[in-house]
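# Understanding the architecture of this molecule
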Amino acid sequence: MRWASWLSIGVVAAVLAAFPLFMTSNLALNFITFAGIITLAAQGWNILAGYGGQFSFGHAAFFGTGAYAMALLQVRLGLNPWLALPAAIAIGGVVGFVIGALTFRARLRGSYFALVTLAFAEVLRILTNASSFTGGAAGVLIPLRVGIDNMQFQDKRALYWLVLAFVVGALLLTHAIARSRFGAYLVAVRENEDAARALGVDTLAVKLKAITVSAMLTAAAGCLYTQKFLYLDAGIGFGPWISIDALLAPIVGGRGTVFGPLVGAGALLGFGEASKILLANLTGGAAPGIDLVVFGVLLILSVAFAPQGLMGLVRPFRSSPKGGTQ
Amino acid sequence: MTAPILKVLAVTKTFGGLMAVKAASFDVAEGSITGLIGPNGAGKTTMFAVIAGFEAPTKGSVHYQGTDVTGLDVHRRAALGIAQTFQIVQPFAGLTVRENIAVGAYLRHRERERAHEEAAKVAALVGLAPALDQSASELTVVGRKRLELARALATEPKLLLLDEVLAGLNPSELRHMVPVIRAIQESGVTILMVEHVMQAVMSLCQHIHVLAEGQIIARGSPSTVSRDARVIEAYLGHGAAQRLKVAGGADA
């Protein structure tokens, strides 16, 4: 029983790793790589909001920090991407800690916290768009120089496997957190902050730790995005799209669960992509934005019929002693 | 007489223009069960909030084991050994009973297995063992009261503040809970309880402080306090003690 959950992560990892062996088209490979990056960003959100109940609307702040740090460390400081990657993740963690310290110390909760995180992301987007160091509105381009030492791969599957390694690492980390004292405290903070304090939980420290870990995971997603597309502008790095993707995926998939972000990202992007292709075939022209309509429909459906997300639909069929009326 | 584990010194707490507690001072002897009673609105729950650290006193100080803890945050006091139950129960509704209690147990036991073992032990003590894997949201009112008690106990406190854990229990449930509280005391935990169930207060407490309109108006053993004219007046209204005496005289 104890091994079952670790084993399930291993099985999922093996299946995902085998994908590119069957799906060899460029389109499919691009799609699963992108979905992996979104999953990683969403897993970051899941730790802070799904487990900790602190709903961020501004995870773009962390995604963009990771993405821009990854790009600028290479372009401006000439750092090797393999060194830039951990540095950029650490910078993302620092930004997370600072935003957490400013908001949680001010005792911001619920929708106030959500609005302030949104504001941080927007401020970073505007500053990035204005500063010449970040390339301004023109964005920043990473010179193409293919080579494993330069984290630019001839074989596109290599980047996918790198992304997958991070996704699996995030799954393992989330599972470990969920089973730890820190995880129990995090959930206690989500459920009832005063009761948690009375039981000796330092709620501020727990929330700061959570937002730091959360920001690091989402920053890692930003780093990988940079390496995949080799181009960034403020709207991509700090735009609201990633804040929304990072929170929609766990909500649809099942927030506060280990696999929720993965399932949700797969479902959202899968349906979005399928509807794009379908509509293009039916009407003969592209229908930009149709995936956003699909996202909206999926969100409404999941809120109405599966408030625990897709993972919540699976759970009742398991024979667990927890089952019963809820 | 052992040294007091808790000393409340001239605590005043005002909310805007309302003075909930007025310069109240009292001690709790180590190892005792001490009662804090008084009519509704007397400031008992405010007093608990000040002792546990949820509210800072406007004036005065709280001393625990000889040190001033007035400036310490709630979780620091919990780590020192002050635990409390809430009058309005505050379960972690999305978690199971076991997980709820384990949050308390994690304070002294870092390992998940140990914390869950301790949770099961405490659950057995308060009579929640059959409900361990139920969701806390499925518990009855009595079950939630027990859960409050279990979670606080799981932090292995030295001083336990019980805010009306017996309220709303029927007589048979009372008969179960009173020995539980006595067993907690016998294991070495000092208990300070706010309670309206007088039968339980009288049988459990060695010492009682009576709070009325924010002030301590009487203190002493249960039998002394229950005969105190000011206490009777506080509960039954002005002149009640006199009328009772007259009625008693007429009977005799």
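Predicted, not measured: the structure shown is a model, and the values here were computed from it.

Helix and strand content of chain B: 10 helices and 10 strands. Taking 252 residues into account, the globule formula puts the C-alpha radius of gyration at 18 Å, and chain B, at 19 Å, falls close to it. Dimensions of chain B, computed from the C-alpha atoms along their principal axes, are close to 65 × 40 × 40 Å. A total of 252 residues make up chain B; the buried ones form 44% of that total. Once local pairs closer than 6 in sequence are excluded, the contacts in chain B between residues at least 24 apart make up 64%.

The secondary structure content of chain A amounts to 14 helices and 2 strands. Here chain A has a C-alpha radius of gyration of 20 Å; the compact-globule value for 326 residues is 20 Å, and the two agree. Principal-axis analysis of the C-alpha atoms places the extent of chain A at approximately 55 × 45 × 40 Å. Counting every position in chain A, which comprises 326 residues, the buried fraction comes to 47%. Summarising the internal contacts of chain A: among those between residues at least 6 apart in sequence, 75% fall at separations of at least 24.

Turning our attention to the domain arrangement of chain B. Residue and element names in this part refer to chain B. For chain B, the domain assignment lists domain 1 (1-81 + 158-252) and domain 2 (83-156). Centre-to-centre separation of domain 1 and domain 2, based on C-alpha positions: 24 Å. Domain 1 puts 17 residues into the contact, and the matching count from domain 2 is 17 residues. Mapped onto the side of domain 1 that touches domain 2, the elements with two or more residues apiece are helix 1 (44-52), helix 2 (74-80), strand 7 (159-163) and helix 6 (171-186). Along the lines of polarity and charge, the residues of the side of domain 1 that touches domain 2 split into 11 nonpolar, 3 polar and 3 charged.

All names here are of chain A. Averaged over every residue, the pLDDT of chain A is 92; residues scoring 70 or more account for 96%. The secondary-structure element of chain A with the lowest mean pLDDT is helix 14 (residues 309-314), recorded at 84, while helix 9 (residues 203-229) shows the highest, at 98. Low pLDDT, under 50, characterises residues 317-326; the predicted model gives this stretch 8 contacts beyond four residues in sequence or across chains.

Bringing the environment of L166(B) into the picture now. Residue and element names in this part refer to chain B. One can find L166 in the loop between strand 7 and helix 6. Since 20 C-beta atoms lie within 10 Å of it, L166 is described here as buried. In this structure the C-alpha to C-alpha distance between L166 and A183, which are 17 residues apart in sequence, comes to 15 Å. Residues in contact with L166, not counting those within four places in the same chain, are L174, M177, E195, V197 and A200.

Counting from both sides, the interface comprises 22 residues of chain A and, opposite them, 26 residues of chain B. Breaking the side of chain A that touches chain B down by element, the ones donating at least two residues are helix 7 (181-191) and helix 8 (193-198) of chain A. At 6 residues, the largest contribution of residues to the side of chain A that touches chain B is made by helix 7 of chain A. Split into classes, the residues belonging to the side of chain A that touches chain B amount to 10 nonpolar, 5 polar and 7 charged.

All names here are of chain B. Non-glycine residue Q65 carries a positive phi angle of around 50°. Along the chain, the position of Q65 falls in the loop between strand 4 (59-64) and strand 5 (67-68). Note on Q65: 16 C-beta atoms within 10 Å, which makes it partly exposed. Of note, the phi angle at E156 is positive, near 50°, even though the residue is not glycine. Its place among the elements puts E156 in the loop between helix 5 (141-154) and strand 7. Residue E156 is classed as partly exposed on the basis of its C-beta count, with 18 C-beta atoms lying within 10 Å.

All names here are of chain B. Here we have 4 strands laid out as an open sheet, ordered 2-1-4-5, and antiparallel in their pairing. Bordering the open sheet on either side are strand 2 (18-29) and strand 5, each of which pairs with just one other strand. In the sheet, strand 1 (residues 4-15) pairs with strand 4 via 5 bridges, with the strands oriented antiparallel. Bridge pairing in strand 4 places V8 opposite V62. Its contacts with the sheet put helix 1 on strand 1, strand 2 and strand 4, and the angle it makes with strand 1 is roughly 120°.

Residues and elements named next belong to chain B. Relative to strand 2, strand 1 runs antiparallel, the two being bridged by 8 bridges. Residue pairing in the sheet places K7 in a bridge with D27 of strand 2. What sits between the antiparallel neighbours strand 1 and strand 2 is a turn of 2 residues, in which G16 has the positive phi angle 60°.

Per-residue confidence for chain B gives a mean pLDDT of 91; residues scoring 70 or more make up 97%. Scored by ipTM, the complex comes to 0.89, with pTM at 0.91.

Basis of the calculations
Residues numbered from 1 in each chain as written. Chains lettered and ligands numbered in written order. Predicted model: local features only at pLDDT ≥ 70, side-chain atom pairs only at ≥ 80, totals over all residues. Helix = DSSP H or I, 4+ residues; strand = E, 2+ residues; numbered from the N terminus. Rg over C-alpha atoms; globule rule 2.2 N^0.38 Å. Buried ≥ 20, exposed ≤ 12 C-beta atoms within 10 Å, placed from the backbone. Contact = placed C-beta atoms within 7 Å. Domains from an automatic or database assignment. Nonpolar A, V, L, I, M, F, W, Y, C, P; charged D, E, K, R; others polar. pLDDT = per-residue confidence, 0-100. Pairing = 2+ DSSP bridges. Axes fitted to C-alpha atoms, helices over the stretch in contact; angles between N-to-C directions.

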